[in-house]
Amino acid sequence: MNDVVVVGAGPVGLLLAAELRLVGVDVTVIERAAARSPHSKALTLHPRSLEVLAMRGLAGPFVREGVPMPTGHYGGLPVRLDFSVLDTRFPYTLVLPQLRTEQLLEERLRKLGGEIRWEHRALEVRQDADGAEVDVAGPDGTYTLRAAWVVGCDGAGSAVRGSAGIDFPGTSATTTGFLGDVVLDAPPSVPSVDNEHGGFLVVPLADGHHRIAGTTGESLAIPADQPLTFDELRRYVRQVAGTDFGMRAPRWLSRFGNASRQAARYRDGRVLLAGDAAHMHMPMGGQGLNVGLQDAFNLGWKLAAVCQGRAPEGLLDTYHAERHPVGAALLENTRAQTVLGATHTADVQALRSVFGRLLAAYPAVNRQFAGELSALDVAYRPAVGKPGDAGEPGEGGAGEPGGAGGGRSLAGTRAPDLGLAGAPEPSLYPLLADGRFVLLHLDPGGDAGRGTPDGPGAAARAAAEAFAGSPDRIRTVTARPTTAHDGWAGRSTVLVRPDGHVAWEGALSSR
């Protein structure tokens, strides 16, 4: 019997499978397509997704091949969101086609001993108290896979979700947009164009093509499943801009809609959902792939811990508790962006003007939206994903105020890539590369070696081992912080989860 069957070999399924293989979990990946699509629905990796990759030592190839842009957009407004001010080593949107993201993640999975069964389609999922079965149609006929757990990463039309009977409430599409990858002989000098006739974004790609995506009054009512022609695309762009920018050589033309739905639960017994199988929405702000990757990163270490007997099954309930609110926020902000970006009445044009002035005049407002879209502001409160049954050490539980450094507890928040002196690596994220917890003893005084097995570090390590479920799943590091980050001043003992969120923190002198 397999430990896990992952249905879907898109970016979400690939990252999840790689996370499981990283710690030795047996996983089978099945994919209904015969091969990868050459067309990339998604184009961008946001700062938090790049941090996720950096935590496993994977960010380098993505950054080298992608095109960094120091801004993001909200509803296609001409006033951009400033990512350059964000507290991250990746203060930008990285333009990289989804196809290349998938190829790089597949390389990672194969290096870890994983494989993909192409052209193997999930037909039905059944479950009992001990596991689940997946009926599969492959090139050589049908067969059944049995596993302890099944994860549906198979998109908005998820067969896993439907077979498990998980509700997918929401709204159907009422608005349709257009998309084209083309060559522009005279591209515009601005990243977006909008007026009372419609609006569109223009994104330069590394291979000389540009992606144009937007809506016009004419395009809104056309069904998303009706093929888009090149003549239509040129007409829509001319309606808005008065020119087609020398558009030629279309490589891919498509439409998209604003259907917004979210799975009622991300776990049903032995079945879990991630990515588009759990949430679908209008592709505003380039968030879908990114939120899906972060779903997988949250689920991976938890599912591995359960499979290997290091944590009770209840840990998987924290996956829903932590990620379902993130999905709900995603639907909320993409619906808001759809009103701003795909409604071309005089009233909404006025709203765009007012909203744009707010973003330009108030850096705190701009920073708020940049933090939300980049996912750097995601915090899990109060559920922080505790594998063991032992109580948390020290004062204040997860997500409660009164942490050791003063102010609000760090528990559940994202840990920045803290610079470290006296550690095996120059910063925090490389210490997470093997998927273990990291117990940080932060010594601002500079004596990085003062922790001893018999001293306060031992008490903190004992508590951390109880949390992680196994001594070998903890990496203990005593070091001096060399970078400053909001909320981290004065912190001394911090347990960082494998997904880079803080499990708990407290004063070294009291642990």
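Since the model is a prediction, treat every value here as computed from it, not as a measurement.

### Overview of the sheet that holds strand 14 (residues 192-195)
Sheet strands pair via backbone hydrogen bonds, and the direction of the pair is either parallel or antiparallel. Here we have 5 strands laid out as an open sheet, ordered 14-15-16-13-17, and antiparallel in their pairing. Either end of the sheet is taken by a strand with one partner, and the two such strands are strand 14 and strand 17 (247-257). Averaged over neighbouring strand pairs, the angle between their axes works out to 15 degrees when direction is ignored. When strand 13 (residues 176-184) meets strand 17, the two strands line up antiparallel, connected through 8 bridges. Within the sheet, the bridge partner assigned to Leu179 lies in strand 17 and is Ser254.

### Quick word on the packing of aromatic side chains
Evaluation of the coordinates by the stated rule reveals 9 aromatic pairs. Considering the side-chain rings of Trp301 and Phe437, the 5.4 Å spacing of their centres and the 85 degrees angle between planes classify their relative orientation as edge-to-face. Residue Trp301 is found in helix 7 (residues 288-307), and its partner Phe437 is found in strand 23 (residues 437-442); the two are separated by 136 residues along the sequence. The pair formed by Trp301 and Phe437 is uniform in burial state, with each residue classed as buried. Pairwise contacts between aromatic rings join Tyr74, Phe355 and Phe369 into one cluster. Looking at Arg161, its charged tip hangs above the ring of Phe168, at a distance of 3.6 Å from the centre. Just above the ring of Trp149 sits the side chain of Arg270; from NZ or CZ to the centre is 4.4 Å.

### Here we look at the state of the cysteines
Tallied over the entire structure, the rule returns 0 disulfides. The thiol sulfur of Cys153 is not disulfide-bonded, and the nearest other cysteine sulfur, from Cys307, lies at 14 Å.

### Things to note about the nonpolar core
With 101 residues, the main nonpolar core has Val4, Leu45, Leu303, Leu428, Leu440, Leu495 and Trp504 as its most contacted residues. It is helix 7 that provides the largest number of residues to this core, a total of 10 residues. Ranked by size, the runner-up nonpolar core spans 16 residues in total, among them Val193, Ile212, Leu228 and Tyr236.

### So, the pairing of strand 16 (residues 210-216)
Counted residue by residue, strand 16 has 6 buried out of 7 residues, so it is predominantly covered. As paired elements, strand 13 and strand 16 share 5 bridges and run antiparallel to each other. Bridging from a neighbouring strand, Asp181 pairs with Arg211 of strand 16. Counting the residues that bridge the hairpin from strand 15 (residues 198-204) to strand 16 gives 5 residues, and of these Gly208 lies at a positive phi of roughly 100 degrees.

### Comments concerning the environment of Val52
With respect to the element layout, Val52 can be found in helix 2 (residues 47-54). What makes Val52 buried here is its relative accessible area of 4%. Taking the C-alpha atoms as reference points, Val52 and Arg461, separated by 409 residues in sequence, lie 25 Å from one another. Excluding anything up to four places from it in sequence, Val52 contacts Leu15, Gln294 and Phe297.

### A closer look at the pattern of salt bridges
For the structure shown, the criterion picks out 34 salt bridges. The closest approach of N and O atoms between Asp244 and Arg238, which form a salt bridge, is 2.9 Å. Accessibility expressed as a relative area gives 9% for Asp244, which makes it buried. The exposure class of Arg238 is partly exposed, given its relative accessible area of 41%. Across the salt bridge formed by Arg436 and Asp434, the nearest N and O atoms sit 2.8 Å from each other.

Calculation criteria
- Residues numbered from 1 in each chain as written.
- Predicted model: local features only at pLDDT ≥ 70, side-chain atom pairs only at ≥ 80, totals over all residues.
- Heavy atoms only, no water.
- Pairing = 2+ DSSP bridges.
- Helix = DSSP H or I, 4+ residues; strand = E, 2+ residues; numbered from the N terminus.
- Axes fitted to C-alpha atoms, helices over the stretch in contact; angles between N-to-C directions.
- Phe/Tyr/Trp six-rings, centres within 6.5 Å; stacked < 30°, edge-to-face > 60°.
- Buried < 20%, exposed > 50% of the residue type's maximum accessible area, 1.4 Å probe, protein only.
- Lys NZ or Arg CZ within 6 Å of the ring centre and 35° of its normal.
- Disulfide = S-S within 2.5 Å.
- Core = buried A, V, L, I, M, F, W, Y, C linked by side-chain atoms within 4.5 Å.
- Contact = heavy atoms within 4.5 Å.
- Salt bridge = Lys/Arg side-chain N within 4 Å of Asp/Glu carboxyl O.

Purely spatial values, then, with no claim about function.
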